[in-house]
Amino acid sequence: MSSDSEVDPLTRRALFEQVRRHTGIVMNERKWPMLDGRLRRRLQALALPGYREYLGLLEATPSEVRDFVDLVTTNETSFFRTPRIWHYLAEHFLPSWHDAHPHQPLRVWSAAASSGEEAYSVAMLCEEFRAAHPTFRYRILATDISDGILRSAATGHYRGRSATGLRQTHPALLEKYFSTDEDGTGIRANAALRAQVTFRQHNLYQPPRDVGPVELTLLRNVLIYFDTAGQQAVLENVRRAMAPDGVLIVGESESLSRFHAGFVFEQPLIYRQGTAHAQHA
Ligand SMILES: C[S@@+](CC[C@H](N)C(=O)[O-])C[C@H]1O[C@@H](n2cnc3c(N)ncnc32)[C@H](O)[C@@H]1O
């Protein structure tokens, strides 16, 4: 395997280009140490001498693209990430939506779901809401570009920071919707909660198939990885999957203020599908 200094700028650029081609994620030289750190292990596992050979393999072997995508995506997430959002959903969105649509099941899309914490957080909120409103029904679709992370998400099994975080912030929900491993470290979403979430691979750059219309979309902490044109394309795809008046929630460092994307600002991080009288954050 070639040493760091032997990876010439052209090869690095070719790798960045592959990342962009397969995921839409834009990387530059500042990201090289991270990308190198992730891919180097793969090269070792494949016993390849260097990145040129790896690029050749990537071009010739479609199945390698799957592993490549798993490696280059950043899956950082947690249960109930950004508390304000969950407060809005529980206190405002769910009651007003159910009032307006008492007989309609709510369709939710966690559009860059990573290891599933976001989707299971929505599921827990919906279950709590249903306990107080027995006619309420909902379904959650959770998609991500990475097959590997979705396989993990579907198990509903968590260790480390995710498990510790939920234990600290929402002990009552943990008790109600998860079981704890015998050794006391890991937690697993119970079958009833898992049954509310369908996990499926989907690249946000592709037009959504069999998605929608959804009334609530969580598109959080993923737009930051794309350039402006990419964000615009992804937002248009997401908009097409949403019901008129559907709500879109983005991540803490994301805003649609630069876009005329068919979403109306409602409050920070929260937008509504529509164009009339658009205000921008
Ligand atoms: C940082 S995580 C965000 C997880 C969660 N939404 C949250 O806010 O905690 C970003 C996720 O976006 C996914 N992703 C990156 N590019 C994507 C694309 N083009 N289409 C779909 N998902 C993508 C990654 O695989 C990763 O799981």
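Residues numbered from 1 in each chain as written. Predicted model: local features only at pLDDT ≥ 70, side-chain atom pairs only at ≥ 80, totals over all residues. Heavy atoms only, no water.

1. Quick word on the packing of helix α1 (residues 9-23) against helix α4 (residues 62-72)
Two quantities define a packed helix pair, namely the angle between the helix axes and the distance between the axes. Operational definition: The axes are straight lines fitted to the C-alpha atoms, using for helices just the contacting stretch, and the angles between their N-to-C directions are given from 0 to 180°. A helix here means a DSSP run of H or I that spans at least four residues, while a strand means a run of E at least two residues long, and both kinds are numbered starting from the N terminus. For classification purposes, an angle smaller than 35 degrees is called roughly parallel, one larger than 145 roughly antiparallel, one from 65 to 115 roughly perpendicular, and anything else oblique. Contact definition: two residues touch when any of their heavy atoms are within 4.5 Å. Residues are grouped as follows: Ala, Val, Leu, Ile, Met, Phe, Trp, Tyr, Cys and Pro are nonpolar; Asp, Glu, Lys and Arg are charged; every other residue, Gly included, is polar.
Relative orientation of the contacting elements α1 and α4 amounts to 100°, with a least axis distance of 10 Å. Put simply, α1 runs roughly perpendicular to α4. Contacts between α1 and α4 involve Leu15, Gln18, Val19, His22 and Thr23 from the first element and Val65, Phe68, Val69 and Val72 from the second. Among the residues making up the contact of α1 with α4, the classes are represented as six nonpolar, three polar and no charged.

2. With respect to the domain arrangement of the chain
Note the cut-off: For the purposes of this description, domain bounds are those given by an automatic or database domain assignment. As used here, buried area is the combined drop in accessible area, with a 1.4 Å probe, of two parts when they are placed together. For this analysis, a salt bridge means a side-chain nitrogen from Lys or Arg found within 4 Å of a carboxyl oxygen belonging to Asp or Glu. Nitrogen and oxygen atoms within 3.5 Å of one another constitute a polar contact, given that in protein one can donate a hydrogen and the other can accept it, and given that sequence-neighbouring residues count only through two side-chain atoms.
Structurally, the chain comprises domain 1 (4-72) and domain 2 (83-273). Distance between the C-alpha centres of domain 1 and domain 2: 30 Å. Across the contact, nine residues belong to domain 1 and ten residues belong to domain 2. Carbon and sulfur atoms supply 52% of the area that domain 1 and domain 2 bury against each other, a total of about 700 Å² over both sides. Counting the contacts that link domain 1 with domain 2 gives one salt bridge. Taking the shortest distance from any N to any O, the salt bridge between Asp227 and Arg20 comes out at 3.0 Å. There are six residue pairs in polar contact (both at pLDDT 80 or more) connecting domain 1 and domain 2.

3. Considerations on the sheet that holds strand β9 (residues 263-267)
Definition in use: Two strands pair under a simple rule: DSSP has to find at least two bridges between them.
Strand order in the open sheet formed by seven strands is β6-β2-β1-β7-β8-β10-β9, with mixed pairing between adjacent strands. A single partner strand is all that each edge strand has here, and the edge strands are β6 (197-201) and β9. This sheet shows a mean twist of 25° between the axes of neighbouring strands, independent of strand direction. As judged from the five bridges shared by strand β7 (residues 214-219) and strand β8 (residues 242-250), these two strands associate in the parallel manner. What sits directly across from Leu216, in β8, is Val247. Strands β2 (138-144) and β6 of the sheet are contacted by helix α7 (residues 147-155), whose axis makes an angle of about 165° with β6. Packing against the sheet, helix α11 (residues 228-240) makes contact with β1 (106-110), β7, β8, β9 and β10 (270-273), and its axis sits at approximately 135° to β8.

4. Overview of the layout of surface pockets
The condition is simple: We place a 1 Å grid over just the protein atoms. Points where a 1.4 Å probe fits but has no way out form a cavity, open points with protein on both sides within 12 Å along at least 5 of 7 lines form a pocket, and any residue with an atom within 4 Å of a point lines it. Grid points are joined across faces, edges and corners, and a volume is the space filled by probe spheres set on the points.
Empty space within the largest pocket amounts to approximately 380 Å³. Around the largest pocket, the lining is made up of 24 residues, and of these Thr74, Ala112, Asp144, Asn221 and Val222 lie nearest the centre. Partitioning the lining of the largest pocket into residue classes produces ten nonpolar, nine polar and five charged. Put simply, the second largest pocket is a space of about 230 Å³. Taken together, 15 residues make up the lining of the second largest pocket; nearest its centre are Ser78, Phe79, Phe80, Gly165 and Thr169. Counting residues per element, the ones that place at least two in the lining of the second largest pocket are α5 (83-100) and α8 (160-169). It is α8 that provides the largest number of residues to the lining of the second largest pocket, a total of five residues. Here the residues of the lining of the second largest pocket sort into seven nonpolar, six polar and two charged.

5. Quick notes on unusual backbone geometry
Here Gly212 and Pro213 are connected by a cis peptide whose omega angle stands at 0°. Relative to the helices and strands, Pro213 resides in the loop between β6 and β7. One non-glycine residue, Ser114, lies in positive phi territory at about 50°. Note on placement: Ser114 falls in the loop between β1 and α6 (117-132). Even without being glycine, Asp210 reaches a positive phi, approximately 55°. Note that Asp210 resides in the loop between β6 and β7.

6. Here we look at the site of the ligand
Selection rule: Throughout, near means a residue has at least one heavy atom within 4 Å of the molecule or strand. Only the protein chains shown count as covering a residue, and every accessible area follows the Shrake-Rupley method with a 1.4 Å probe. To qualify as sitting in a cavity or pocket, a molecule needs more than half of its atoms within 2 Å of the grid points.
With respect to spatial proximity, 22 residues lie near the ligand, and among them Thr23, Thr77, Arg81, Asp144 and Asn221 are the closest. Here a nitrogen atom of the ligand sits 3.1 Å away from a polar atom, N or O, in the side chain of Glu118. Ile145 is positioned such that a nitrogen or oxygen atom in its backbone is 3.3 Å from a nitrogen atom of the ligand. When isolated, the ligand has an accessible area of 600 Å², and the protein chains bury 99% of it. Among the cavities detected, the one that contains the ligand is the largest pocket. Its residues assigned to classes, the shell around the ligand comprises eight nonpolar, nine polar and five charged.

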